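# Secondary and tertiary structure notes
These are the residues of each chain, in order.
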Amino acid sequence: MRETPSVSPKSPSIIKQALTVNRKPFPWVKAFCAGLAASLPVIIGLLFGNLEYGLIAGMGGFTYLYVFNIPYAQRAKKLFFVVLGMTLVSALGTLAAPYPLAVAILMGIIGAASIFIFGALKIIGPSAIFFVLVFAMTTGMPVHPELVLLRAGLVFLGGALSWVLAMIGWFFDPHGPETGVVKKVYSELAAFLDSVGTEKYNETRHRVMSGLKEAEQTLAVGYIPWRNTDIFNRLVILNDQANTIFLYVLENFSKTHVKLPPELGEFIREIANSLDLKNKSESVSKKILLPEEMDESVLQLFTKITDADAIMNEPASKINQVIRIFKPSLRTIFLGAFDKNSIVFITAVRFGIVTIIAAIIAYQFEFTRPFWVPLSCVAVMSGFTIVATYHRAIQRAFGTILGILIASLILMTHPSGFIIAVLILLLTFITELFIVKNYGLAALFFTPNALLMAESTSHGSFTFTYFASARLIDIFIGIVIGLIGVFFVGRQSASSRLPHLITKTIRSQAQFLLILFSDQGTGYNARKSREIMKMRTNLNNLKTLYDTATGEIPVNKKALEYYWPVIFSIEHLGYLLENCSKNEYRPILSDKTLSQLLYVCETMANAANRKQSPSIKNVPEIEKFPSIHNEIITLQKSLQIDEGVSF
C-alpha cells in the first residue's frame, strides 16, 4: 500500500477549508505567557510614568510568539537572534521613516531575509510577519531619527523579557522537548511492529523513518557540549536503539506476511509510556509475558527491545556507549538553500519583490497609514503554498473586517494607562489561543491588538467611520496585491522543478553509495563527508519542493500521485545510506559491482530528467545490507510511468 498525497481541491472547497476550525487543543500556558510578554513592558512603562516607552518595549514582546516546543538549547539561541532581529528592524524603521522609497525596499529585504532564514533552517514559527510588523510600526511613529538608539534599546529590553519568560520551563523540565520526541518515536515503532504482515506496513514504516529523523535533528540541536547530562545521553542512546530495532525489522521481516507477536508492540509501547515517569523502579520487561515458543529472528528482536528497556533503567556507569552528534554547519545549510532549484530561495525572492511593489504602491498613493498595505500583503504571502496563501487571504479578510470593527470601538473610547496594558494582555492571550484553531479567528483579535499598539504610539486622531474605512481599504489592497503576486510569480514553479531535482538527488545518492562501499583509506569518516551533506541538502530541497507543489493552482493530481512513491523511495534510500555510514564494518565492493550500481542509478537519474520510465536493470546484492539493495529495486519500479500521466 502506497500513501497518496493530498492535493489541493477546487476553488469552492478552498473557502470551506479556509473557514474550518481544527481540533488542536488550546495552548493555555503559551497563550498566557505571550500575553504577559506583550503587556508587562507596557505595565513597567506606566510604573515609570511613560506609556509610550512601554508600548515600544511591548513590540519586543512579539519575540515570545516565536516560542515552540523545541529543545531549550535551541530555543535560547533562536529567541536571542529573534530579539536581535526585532532590535535591528526597529532601528532601521526609525532611520528610514523620512524616506518612503527606502522604507519600501527595506520592508521587502526584511521579509525576504526572514523567509529565507526560517525556511533554510526549517525553523517553525511566524517567520517574517512580526519583523515586518515591528519595522512598519516604527516607521509609523513620529519621525525622530535621533531616537534610534532609545527605540531600539526599548525593543531589545522587551524582547529580553520575553526570552526570560520563554526559558523559565528549563528549571522544571530541561529535557522535556527531547523526551517528547523520543517518546513519539517509540510509539510509532510500536505501531510499526503491529503492522508487520499487514497492509499498513508501508504507511507505518514511513512514519517511523520520519520520526527517527526528526528525533535525531531535535537531539542534535539540543546537544550542549559543556553540559552533557545523564538524561540527555540516555535519550540519544534510546533513539539509536530505536533505529537499530527499526533496521532489524526492515532486514528480517519486510517480506513476511505473518504478523509478529502482539506482545512485542506492547513492550515498546510500555517503554514509550514510561519515558514520562520521573522515577522508574522496575524494568518494563518484567511486566511483559511473551510466547514460550519463538523463532530465532523474533527472539533476537525481543533481545534488542529488552536492550532499550535496559538503557532506561541501568545505571549510567553500565551504559558503555559513546555519544556521537553530527549536524551540518550553517554554511552548508545556507549554501544548499541558495541553490537555484531550492524553493526556499525562490519563495524568499518572490516574497521580497511583491512586498516592495505593495509598499511602493501604498506610499505612491499616499494612504493614511501606508504600511498596512504591505503588511497585509506579507500576512497573506506567509502561506507556504499557493493554496495556503488563498486560505490566508480568506481568513485575513473575514478576521480583519470584524477585527477592525472591534479596534475602532476600542479606540473610540480613548483607552489610556493600565486599560491599554490589560487590553493588550487579553487580545494577545486570545490570539495565541485561537492561532492553532484557525488563522481567521486569530486575526479577529490580532488586528485590534496591532492597531491599538500602532495608533497609541503614533498619536493618531480619527473618527470611527474614517478609521474603519481607511484600514479596510489598506488591508484589502494588500491582500489583493499578495494574491496577484503569488499567483503569477509562484504558480507551477515547484512542480516544474521536480524532475531536475529528483535527478540531482539520485545522483548524489549514487556518489554517497560509492564512497560507502569503496576503499577511502584509514580514518575516513563518511558521516562528515561532502557527499552526505550534498545528499541531505538535495533530499531536504526535494521534500520541500514536493510539499509546495501539492498546494499549487492548478494542481496536476496525476503527476503528484506518480511522484509520491518516487520521493518516498528516494527518502527511504537516503535514510538507509545514512545509517549504513554509521557502520564501520561495511564491505568493500568490487569495481564490477560498484560500476553496476552506479549504472543503475544513472539510468534512473537520466530517465527521471527526461520524464521517461527507466529500463529495469539488475541490481547487485550488497552483503549485510539487503535493505539498500531492495530499496534500489523499489525505486526502479516506482519510476515506471503509467499511461495517463502527463507532466
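Residues numbered from 1 in each chain as written. Predicted model: local features only at pLDDT ≥ 70, side-chain atom pairs only at ≥ 80, totals over all residues. Heavy atoms only, no water.

### Brief notes about the overall build of the chain
Of regular secondary structure, the chain possesses 24 helices and 0 strands. Looking at the chain as a whole, 53% of its 647 residues are labelled buried. Long-range pairs, those at least 24 residues apart, make up 82% of the contacts in the chain between residues at least 6 apart in sequence. Counting every atom, the chain has about 29200 Å² of accessible surface; 61% of that belongs to carbon and sulfur. (Helix = DSSP H or I, 4+ residues; strand = E, 2+ residues; numbered from the N terminus. Buried < 20%, exposed > 50% of the residue type's maximum accessible area, 1.4 Å probe, protein only. Contact = heavy atoms within 4.5 Å. Areas by Shrake-Rupley, 256 points an atom, 1.4 Å probe, with all protein chains shown as cover.)

### Some points on the nonpolar core
Within the largest apolar cluster, 93 residues are counted, with the highest numbers of intra-cluster contacts made by Leu 193, Leu 301, Phe 517 and Ile 628. Ranked by residues supplied to this core, first place goes to helix 22 (residues 557-581) with 14 residues. Excluding residues that lie within four positions of it along the chain, Ile 628 makes contacts with Leu 513, Phe 517, Leu 573, Leu 576, Leu 577, Cys 580 and Ile 622. Ile 56, Phe 62, Leu 411 and Phe 445 belong to the second largest nonpolar core, which has 83 residues in total. (Core = buried A, V, L, I, M, F, W, Y, C linked by side-chain atoms within 4.5 Å.)

### Section: the side chain of Asn 579
You can see Asn 579 is positioned in helix 22. Residue classification places Asn 579 among the buried positions, given a relative accessible area of 10%. Not counting chain neighbours up to four residues away, the residues in contact with Asn 579 comprise Asn 243 and Leu 247.

### Describing the packing of helix 8 (residues 176-195) against helix 11 (residues 262-274)
One can describe the packing of helix 8 onto helix 11 by two numbers: an axis separation of 8 Å at closest approach and a directional angle of 170°. With respect to their mutual orientation, helix 8 and helix 11 come out roughly antiparallel. Across the interface between the two elements, Lys 183, Tyr 186, Ser 187, Leu 189, Ala 190, Ala 191, Leu 193 and Asp 194 of helix 8 pack against Pro 262, Leu 264, Gly 265, Ile 268, Arg 269, Ile 271, Ala 272 and Asn 273 of helix 11. In terms of residue class, the contact of helix 8 with helix 11 is built from 10 nonpolar, 3 polar and 3 charged. (Axes fitted to C-alpha atoms, helices over the stretch in contact; angles between N-to-C directions. Parallel < 35°, antiparallel > 145°, perpendicular 65-115°, else oblique. Nonpolar A, V, L, I, M, F, W, Y, C, P; charged D, E, K, R; others polar.)

### Digging into the pattern of salt bridges
Considering all chains together, one arrives at 14 salt bridges under this definition. Linking Asp 230 and Arg 234 is a salt bridge whose minimum nitrogen-to-oxygen distance equals 3.0 Å. A residue pair is termed a helical-turn pair when its members lie 3 or 4 positions apart in one helix, as Asp 230 and Arg 234 do in helix 10 (residues 230-253) at 4 residues. You can call Arg 234 buried: its relative accessible area is 15%. A salt bridge links Glu 602 to Arg 507, with the nearest nitrogen and oxygen atoms 2.8 Å apart. Residue Glu 602 is located in helix 23 (residues 591-610), and its partner Arg 507 is located in helix 20 (residues 498-516); the two are separated by 95 residues in the primary sequence. (Salt bridge = Lys/Arg side-chain N within 4 Å of Asp/Glu carboxyl O.)

### Some remarks on unusual backbone geometry
At His 414, a residue that is not glycine, the phi angle is positive and equals roughly 50°. With respect to the helices and strands, His 414 occurs in the loop between helix 16 (386-412) and helix 17 (418-434). Here His 414 falls in the exposed class, since its relative accessible area comes to 60%. Positive phi outside glycine occurs at Lys 624, with the angle close to 75°. Checked against the element boundaries, Lys 624 lands in the loop between helix 23 and helix 24 (626-638). Look at Lys 624 and you get exposed, because its relative accessible area is 58%.

### Things to note about the layout of surface pockets
Empty space within the second largest pocket amounts to approximately 1200 Å³. Around the second largest pocket sit 43 residues that line it, and Asn 579, Ser 581, Lys 582, Asn 583 and Glu 584 are the ones nearest its centre. When residues of the lining of the second largest pocket are traced back to their parent elements, those giving at least two are helix 9 (201-221), helix 10, helix 20, helix 22 and helix 24. A total of 10 residues in the lining of the second largest pocket trace back to one element, the largest contributor, which is helix 10. Among the residues forming the lining of the second largest pocket, the class breakdown is 19 nonpolar, 13 polar and 11 charged. (1 Å grid on protein atoms, 1.4 Å probe; cavity = no way out; pocket = protein on both sides within 12 Å on 5 of 7 lines; lining within 4 Å. Points joined across faces, edges and corners; volume = space filled by probe spheres on them.)

### Things to note about the environment of Ser 162
Counting through the fold element by element, Ser 162 comes out in helix 7 (residues 148-167). According to the relative accessible area criterion, Ser 162 is buried, its value standing at 0%. Along the sequence, Ser 162 and Leu 79 sit 83 residues apart, while their C-alpha atoms lie 8.5 Å from each other. Other than its neighbours up to four places away in sequence, Ser 162 contacts Ala 37, Gly 60, Gly 61, Thr 63 and Tyr 64.

### Describing a nonpolar patch on the surface
There is a patch of nonpolar side chains on the surface, built from Phe 80, Phe 81, Leu 84, Phe 156 and Leu 157 and spanning about 490 Å² of accessible area. Looking at the nonpolar patch, the elements that each hand over two or more residues are helix 4 (72-96) and helix 7. A total of 3 residues in the nonpolar patch trace back to one element, the largest contributor, which is helix 4. Summarising the element assignment, Phe 80 is placed in helix 4. Looking at Phe 80, the relative accessible area reads 41%, which means it is partly exposed. (Patch = residues over 30% accessible without salt bridge, like charges linked within 9 Å, V, L, I, M, F, W, Y side chains within 5 Å.)

### Remarks on helix 12 (residues 296-313)
Over its 18 residues, helix 12 runs 26 Å from end to end, which matches the ideal 26 Å to within 8%, given 1.5 Å per residue. Of all the residues in helix 12, the buried ones are Val 298, Leu 301, Ile 305, Ala 308, Asp 309, Ile 311 and Met 312. On an axial view of helix 12, the arc spanned by its buried residues comes to 155°, and they lie on one face. (Expected span 1.5 Å × (residues − 1). Arc of directions from axis to C-beta.)

### A closer look at helix 7
End to end, helix 7 covers 29 Å across 20 residues, agreeing with the expected 28 Å (1.5 Å per residue, within 8%). Looking only at helix 7, the buried set comprises Val 148, Arg 151, Ala 152, Leu 154, Val 155, Gly 158, Gly 159, Ser 162, Leu 165, Ala 166 and Met 167. Check the buried side of helix 7 and you find it contacts helix 2 (28-47), helix 3 (51-60), helix 4 and helix 6 (129-139).

### Observations concerning the confidence of the model for the chain
Put simply, the chain has an average pLDDT of 85, and 88% of its residues get 70 or more. Highest mean pLDDT in the chain belongs to helix 7 (96); lowest belongs to helix 1 (residues 11-18) (61). Below pLDDT 50 for its whole length, residues 1-12 participates in 25 contacts with residues either more than four positions away or in separate chains. (pLDDT = per-residue confidence, 0-100.)

### So, the environment of Ala 91
Positionally, Ala 91 belongs in helix 4. The exposure class assigned to Ala 91 is buried, which follows from its relative accessible area of 14%. Ala 91 sits 62 residues away from Gly 153 along the chain, and the two C-alpha atoms are 8.9 Å apart. Beyond its immediate stretch of four places on either side in the chain, Ala 91 contacts Val 148 and Ala 152.

### Brief notes about empty space enclosed by the protein
Evaluation of the coordinates by the stated rule reveals 4 cavities of 30 Å³ or more. If you add up the space inside the second largest cavity, you get close to 90 Å³. Lining the second largest cavity we find Tyr 72, Ala 73, Trp 170, Pro 174, His 175, Glu 178, Gly 222, Tyr 223, Ile 224, Arg 227 and Phe 232. Its residues assigned to classes, the lining of the second largest cavity comprises 7 nonpolar, 2 polar and 2 charged.

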